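Understanding the architecture of this molecule
Single-letter residue listing:
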Amino acid sequence: MYQPSMFENHHHILDHMTTSSTHKTSESTEVLGKSRLLDDDFETKSGTETTTDAPSGDEQDPNNTGPRPKRKRYHRHTQRQIQEMEAFFKECPHPDDKQRKELSRELGLEPLQVKFWFQNKRTQMKAQHERHENSILKSENDKLRAENNRYKEALGNATCPNCGGPAALGEMSFDEQHLRIENARLREEIDRISSIAAKYVGKPLSSSFSSHIPPHVPSRSLDLGVGSFGAQSGFVGEMYGSSSDLLRSVSVPTDADKPMIVELAVAAMEELIRMAQAGEPLWVPGDHNSSHNHEILNEDEYLRTFPRGIGPTPLGLKSEASRESALVIMNHVNLVEILMDVNQWSTVFCGIVSRAMTLDILSTGVAGNYNGALQVMTAEFQVPSPLVPTRENYFVRYCKQHVDGTWAVVDVSLDNLRPSPISRSRRRPSGCLIQELPNGYSKVIWVEHVEVDDRSVHNIYRPLVNSGLAFGAKRWVATLDRQCERLASSMASNIPGGAICVITSPEGRKSMLKLAQRMVMSFCTGVGASTAHAWTTLSATGSDDVRVMTRKSMDDPGRPPGIVLSAATSFWIPVPPKRVFDFLRDENSRTEWDILSNGGLVQEMAHIANGRDPGNSVCLLRVNSANSSQSNMLILQESCTDSTGSYVIYAPVDIVAMNVVLSGGDPDYVALLPSGFAILPDGPTGPAGGGGGGILDVGSGGSLLTVAFQILVDSVPTAKLSLGSVATVNNLIKCTVERIRAAVTCEQNA
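So, here is what we can say about the structure in this document. Only a predicted model underlies this, so the values are computations on that prediction, with no experimental measurement involved. Numbering of residues starts from 1 in each chain and follows the order in which that chain's sequence is written. In view of the model being predicted, local features appear only for residues whose pLDDT reaches at least 70, and side-chain atom pairs are presented and counted only at 80 or more, with totals across whole chains, interfaces and linings using the full set of residues. Excluding hydrogens and water, the side-chain figures rest on all heavy atoms present in the structure.

Some remarks on empty space enclosed by the protein
The criterion, for reference: Residues are said to line a cavity or pocket when one of their atoms sits within 4 Å of a point; the points come from a 1 Å grid over protein atoms alone, cavities being sets where a 1.4 Å probe fits but cannot get out and pockets being open sets with protein on both sides within 12 Å along at least five of seven lines. Grid points are joined across faces, edges and corners, and a volume is the space filled by probe spheres set on the points. Counting from the N terminus, the helices are DSSP H or I runs at least four residues long and the strands are E runs at least two residues long. Residue polarity is assigned by list, with Asp, Glu, Lys and Arg as charged and Ala, Val, Leu, Ile, Met, Phe, Trp, Tyr, Cys and Pro as nonpolar; anything else, Gly included, falls into the polar class.
Scanning all chains against the criterion turns up 5 cavities of 30 Å³ or more. Considered as a void within the structure, the largest cavity measures approximately 160 Å³ in volume. What lines the largest cavity is a set of 21 residues, and nearest its centre among them are Gly351, Thr479, Arg482, Asp642 and Tyr647. For the lining of the largest cavity, the elements supplying multiple residues, two or more each, are α13 (473–490), α14 (506–527), β16 (631–642) and β17 (645–653). The element best represented in the lining of the largest cavity is α13, accounting for 5 residues. When the residues that make up the lining of the largest cavity are grouped by side-chain class, the tally is 9 nonpolar, 7 polar and 5 charged.

Here it is as structure tokens:
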């Protein structure tokens, strides 16, 4: 493109030269004027001067009474005198006094006449030289002006090849030019990724994705007001907070790594699409007697179909692959935003993602959306139990909108870029396809394909992990479906009649749900075996080992100040998960296991439904002490359940603070120490297992229950933890476990 600054400088030079030329022309004119005066002077002083007095009559001025001034007679030099002096001038333009006297004697002139002649000659020569120079400069000046005018005219019609705007800087604002250049850079980035993709994806997404979509979306049991859901995307960020605990063990990729990352991401996108759409022989049916129509990946066919990939399975790792689809009550644009925003993603899936961080953004996408976005990330995936090691992955996430409007988000591991490439878990192309449906719904097809070393998993959790339910696609989809219902119900305008509710304003509902979401997230991130935790085992009695750790809380408005003791244990009970869940969430049975309630009456004060299942709710409980008729404690509780697991999470709350929340105040300053339960199926179970608590065939139908408490043992953060406090908490959790076992087992036998 033409550079405007170049032309401005060019124009400045031309103006300078024009000014210089005009100045020199003025000087020349002035010199010429002086030359004429000197010529006159030369004629006066070099001529033969004779003065003759006229008669007195002639001397009178007819108009004046005074005498007329004397008139001088001038004589020019002879031709010989001029030739001799010009010949001498060529040899010596500046003669000294001696030379001038010799010339004057030879030529019959006065020395002063010779001096003036040489002086005038030098002035004439200088004036002639400047006139010639000015003529040349004027000619060049005219040519440059004409050329500059042509450039200006061409520049006025030119467009910038980079941004498409006017090439002249003055034709647009600086901000507009900056935005145009940034958009051009993003377009170039996407074009580069698209050109790489063309090598691998030779055709658009097939229509098989939508071939099984039902003609109409089934109606939900609750009127959730989804008609305006798509326009409420800003509420997602408000409902789902951000996680400040991030992985920082992996460095940012270098510039040399980025071309390889782009190619890997594009190949992973093509693999995800084919994995999501393919049938047999890539995916083969599982056991037909199963209560769940699951699929199994044909590993041999996979290796034949995708020979490139990220290489063979490392020694010591085994493959886990699963696929699941569902209709979820969320706009496709909001789903993509949740998946591409690490804070929203780690909060919506807080039961699965214990920690996550975006290390680098290679592309932000174009046209104001995430189409073409590339992010290098690290995340830690968990099961809510300290007995199952977490899986840490370092991967690139790539988002793309395809020609049929379907969005796809894919992850693939970047283990080769690690400073130490030894990994116990890596992600082959995994992610989801999202298709827009009417009324704010979306169809999601999720694929999870990982390779992992799970030899450190505790024996009681091994069947669950081996079945794929612990980290598989079904758990991701079930969690997403439940969270979408939670968000939609929180925005519902019509509340079911007959519900116990003291919240009179939508702002109060929103604040209470936001507080409950923070409580759930705090519980989930603190109950697993994350590498950020330092669990200490208090006993060695098998599966009932209690893990404890301490945290110091200072200057955190969301937690009370002091030393917090966390204790957790996981155990198996021969009762289906649904019965355990219903028992623990029921306020009427709370006195059977909750030692802290001191046998007092528990009454529900407020209730907010969180989806189709009646077990999905947020409620506020009041505990009336047995020793007093006065209400002295409030408990905030959220219970949630889906086909892969359930939670009952609660925290004591201050009465004054909750009044602020119920009136729509900011819930971030309410101090919480959440405790609760995570209930998972004990592995693959079928109809014969009793209770329908599992997913596949062959199993006991029991439950894996994790109990976790957080207790403030000292309000001074600098105090030291006493062994007595640890023993008290250990006894508390063991007593609670025994009470729950006895109560649910008795109920099961009854």
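Anyway, onward from the coordinates.
Here we look at helix α15 (residues 577–585)
How we decide: Per-residue accessibility, obtained with a 1.4 Å probe over protein chains only, is compared with the maximum for each type, and a residue is labelled buried under 20%, exposed over 50%, and partly exposed between these values. This arc is built from the directions going out from the helix axis to the C-beta atoms.
Taken residue by residue, α15 has Pro577, Val580, Phe581, Phe583 and Leu584 as its buried positions. Within α15, the buried residues cover an arc of 165° as seen down the axis, which keeps them to one side.

Section: the nonpolar core
Most often, soluble globular proteins have nonpolar side chains that are buried together. For clarity, the cut-off: As used in this record, nonpolar core signifies buried Ala, Val, Leu, Ile, Met, Phe, Trp, Tyr and Cys residues forming a set joined through side-chain atoms within 4.5 Å. Whether two residues are in contact is decided by their heavy atoms, any of which lying within 4.5 Å being enough.
Core analysis: the biggest nonpolar cluster contains 48 residues, and Trp345, Phe349, Trp446 and Tyr461 have the highest contact counts within it. At 7 residues, α13 tops the list of elements feeding residues into this core. Discounting chain neighbours no more than four positions away, the residues touching Phe349 are Leu339, Trp446, Trp476, Thr479 and Leu480. Within the second largest apolar cluster, 34 residues are counted, among which are Leu272, Leu282, Phe306 and Leu433.

What to know about α14
Using the following cut-off: The span one expects for a helix is its residue count, reduced by one, times 1.5 Å.
With 22 residues, α14 should cover 32 Å at 1.5 Å per step; its first-to-last C-alpha distance of 32 Å lies within 8% of that length. Most of α14 is tucked away, with 16 of its 22 residues classed as buried.

Observations regarding the environment of Leu315
With respect to the secondary-structure elements, Leu315 resides in the loop between α9 (299–305) and β3 (318–328). Sequence-wise, Leu315 and Asp453 are 138 residues apart; in three dimensions their C-alpha atoms are separated by 9.3 Å.

With respect to the packing of α14 against helix α16 (residues 655–662)
Our working rule: Inter-axis angles, ranging from 0 to 180 degrees, are taken between N-to-C directions of lines fitted to C-alpha atoms, where helices are fitted over the stretch in contact. To sort the angles, those under 35 degrees are grouped as roughly parallel, those over 145 as roughly antiparallel, those from 65 to 115 as roughly perpendicular, and the leftovers as oblique.
Across the interface, α14 lies against α16 with an axial gap of 7 Å and an inter-helix angle of 125°. Here α16 runs oblique to α14, going by the angle between their axes. Across from Gly508, Ser511, Met512 and Leu515 in α14, the residues of α16 making contact are Met658, Val661 and Leu662.

Structural notes on the packing of aromatic side chains
The geometry of an aromatic ring pair is captured by the separation of the ring centres together with the interplanar angle, meaning the angle of the planes. Put simply, the rule is: Aromatic rings from Phe, Tyr and Trp, taking only the six-membered ring of Trp, are treated as a pair when their centres fall within 6.5 Å; an angle between ring planes under 30 degrees marks them as stacked, one over 60 as edge-to-face, and anything in between as tilted. Placement of a charge over a ring requires the Lys NZ or Arg CZ to be within 6 Å of the ring centre, with the centre-to-atom vector within 35 degrees of the ring normal.
Throughout the structure, instances matching the rule amount to 14 aromatic pairs. With centroids separated by 6.5 Å and ring planes inclined at 40°, the aromatic side chains of Tyr650 and Phe677 adopt a geometry described as tilted. In this pair, Tyr650 is assigned in strand β17 and Phe677 in strand β18 (residues 675–681), connecting sequence segments 27 residues apart. By relative accessible area, which is 7% here, Tyr650 ends up buried. Clustering of aromatic rings is evident, with ring pairs tying together Trp345, Phe349, Phe381, Trp446 and Trp476. Directly above the ring of Phe471 sits Arg391, whose terminal nitrogen or CZ lies 3.9 Å from the centroid. Cation over ring: Arg590 sits above Tyr650, and NZ or CZ is 4.3 Å from the ring centre.

Considerations on the pattern of salt bridges
Heads up, the condition is: For this document, the term salt bridge refers to a Lys or Arg side-chain nitrogen within 4 Å of an Asp or Glu carboxyl oxygen.
All told, the structure shown has 26 salt bridges when counted by the stated rule. As a salt-bridge pair, Asp142 and Lys138 come within 3.5 Å of each other at their nearest N and O atoms. In this pair, Asp142 and Lys138 both sit in helix α5 (residues 111–157), 4 residues apart, roughly one turn of the helix. Note on Lys138: relative accessible area 51%, which makes it exposed. Three or more residues joined by partner-sharing salt bridges are found here, namely Arg397, Asp411, Arg427 and Glu448.

Quick notes on a negative patch on the surface
What counts is decided by this rule: Like charges are joined within 9 Å and nonpolar side chains (Val, Leu, Ile, Met, Phe, Trp, Tyr) within 5 Å, but only among residues with over 30% relative accessible area and no salt bridge; these make up the patches. Using the Shrake-Rupley algorithm and a 1.4 Å probe, accessible areas are obtained, with residue cover drawn only from the displayed protein chains. When charges are counted, Lys and Arg contribute as positive and Asp and Glu as negative, whereas His and the chain ends are disregarded. In this description, the location of a charge corresponds to atom NZ of lysine, CZ of arginine, CG of aspartate or CD of glutamate.
Among the surface-exposed residues, Glu84, Asp96, Glu102 and Glu106 lie close enough to one another that they form a single negatively charged patch. Residue placement: Glu102 occurs in helix α4 (residues 97–107). A residue is classified by how much of its surface remains accessible, and Glu102, at 35% relative accessible area, is partly exposed.

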